[in-house]
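Single-letter residue listing:
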Amino acid sequence: MNEKKLLEKKEWEYYIFEEDHHITLSVPILSPAPGFDVVYTLNESEKEKYEHTGIKALEDRIEDMKVNFSNYEMNSWR
């Protein structure tokens with residue numbers, strides 16, 4: 001079992017983790033209360049773009065996660 005490794009972060013904007021060869025993007029949002037981490041696992045195409053271009057490749061996904069958070073997995077802060 002592999003451990004979760006933090007690849008990159010910008011406090012209160014995004015966190016990027018790698019675990020078992022999967023890359024997961026986590027975006028904290030304050031509302032709805034009590035606040036949530038919106039979580040998304042990159043598909044192969046997004047993973048390749050991220051590995052070549054960096055965070056720039058995920059800017060649109062991050063914005064979508066903030067706006068359409070209910071379409072993603074959400075982990076409550078509580």
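Now for a look at the structure at hand.

Calculation rules
Residues numbered from 1 in each chain as written. Predicted model: local features only at pLDDT ≥ 70, side-chain atom pairs only at ≥ 80, totals over all residues. Heavy atoms only, no water. Salt bridge = Lys/Arg side-chain N within 4 Å of Asp/Glu carboxyl O. Helix = DSSP H or I, 4+ residues; strand = E, 2+ residues; numbered from the N terminus. Buried < 20%, exposed > 50% of the residue type's maximum accessible area, 1.4 Å probe, protein only. Arc of directions from axis to C-beta. Contact = heavy atoms within 4.5 Å. Polar contact = N/O pair within 3.5 Å; in protein donor to acceptor, adjacent residues only side chain to side chain.

### As for the pattern of salt bridges
Proximity of charged atoms lets side chains of opposite charge pair with each other.
Next, step 1: Going through the model one piece at a time under the given rule, you end up with 5 salt bridges.
Next, step 2: A salt bridge links Lys66 to Glu13, with the nearest nitrogen and oxygen atoms 3.1 Å apart. On the criterion of sequence distance, the pair formed by Lys66 in helix α2 (residues 59-67) and Glu13 in the loop between β1 (5-10) and β2 (14-19) is long-range, its members being 53 residues apart.
Next, step 3: For Lys66, a relative accessible area of 28% puts it in the partly exposed group.
Next, step 4: Taking relative accessible area as the criterion, Glu13 reaches 31% and is therefore assigned partly exposed.
Next, step 5: Between Lys56 and Glu59 there is a salt bridge; the shortest N-O distance is 3.5 Å.
Next, step 6: On the basis of relative accessible area, Lys56 is assigned to the exposed category, the value being 56%.
Next, step 7: If you follow the salt bridges from partner to partner, you end up with Glu13, Glu63 and Lys66 in one network.

### Looking at helix α1 (residues 44-53)
Next, step 1: Looking only at α1, the buried set comprises Glu46, Lys47 and Tyr50. Down the axis of α1, the sector holding all buried residues measures 100 degrees, keeping them to one side. Every exposed residue of α1 that faces more than 90 degrees away from the buried side is listed here: Glu44, His52 and Thr53.
Next, step 2: Those residues of α1 hidden inside the fold are in contact with β1, β2, β3 (22-29), β4 (36-41) and α2.
Next, step 3: Two or three places before Ser45, at the opening of α1, Asn43 has a side-chain oxygen 3.1 Å from that residue's backbone nitrogen.

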